[in-house]
Amino acid sequence: MKMSDMIADMILDMFDDNTPTVQIQRNDLANRLGCVPSQINYVITSRFTPEAGYRIESRRGGGGYILITRAKSKDNAVMSLINSIGDSIDERTARAHIYNLNYQQVIDNKSAKIMLSVLADVNFKGIEKEQANMLRAVLLKKMLISYID
């Protein structure tokens, strides 16, 4: 298992059903896992994103901490992502969002594969890149909206 996966799993294990917020001391966590503190930062900024339904707050200094708050439901994560997409999105960014939603178990594997195939660049041949990215954003938003209960 990769170090980044171990860090993410450890942070996810800190959450429980009653408390949507965890407080992490970056250096302490790094010492427990035997990694450098920058690896903790990398995992937090790449996996615990607003698009995935997390809010990050940090306080620097000797007694500094990182506070990670998880959205109350998967719907909040999806809505947050929809609101962040904007009018245009490239294939690489769309793929990253879909992989993240799948990793966070917001969408299942089959749905992720379908979304990825619909949003692939190959489907937009003959369309200007700017127009393709605008269409891709509309399609992604529509697919994500269908996931909301």
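Before any of the text, the structure's been laid out above.
(A) The pairing of strand 3 (residues 65–70), seen in detail. As defined by bridge partners, strand 1 (residues 21–24) adjoins strand 3 across four bridges and the pair is classed as antiparallel. For T21, the partnering residue across the bridge sits in strand 3 and is T69. Relative to strand 3, strand 2 (residues 54–59) is paired through six bridges, and the arrangement is antiparallel. Its bridge partner being in strand 3, Y54 is matched across the sheet by R70.

(B) Molecular detail of the nonpolar core. I85, I98, I107, L140 and L144 are the most contacted members of the largest nonpolar core, which has 19 residues in total. The set of elements that each furnish at least two residues to this core consists of helix 4 (74–85), helix 5 (91–103), helix 6 (109–119) and helix 7 (129–145). Among the elements that make up this core, the one with the highest residue count is helix 4 (five residues). Setting aside residues no more than four positions away along its own chain, L144 makes contact with V78, L81, I82, I85, L101 and M115. In this structure, I11, F15, V43 and A52 belong to the second largest nonpolar core, which totals 18 residues.

Calculation notes
- Residues numbered from 1 in each chain as written.
- Predicted model: local features only at pLDDT ≥ 70, side-chain atom pairs only at ≥ 80, totals over all residues.
- Heavy atoms only, no water.
- Pairing = 2+ DSSP bridges.
- Helix = DSSP H or I, 4+ residues; strand = E, 2+ residues; numbered from the N terminus.
- Core = buried A, V, L, I, M, F, W, Y, C linked by side-chain atoms within 4.5 Å.
- Buried < 20%, exposed > 50% of the residue type's maximum accessible area, 1.4 Å probe, protein only.
- Contact = heavy atoms within 4.5 Å.

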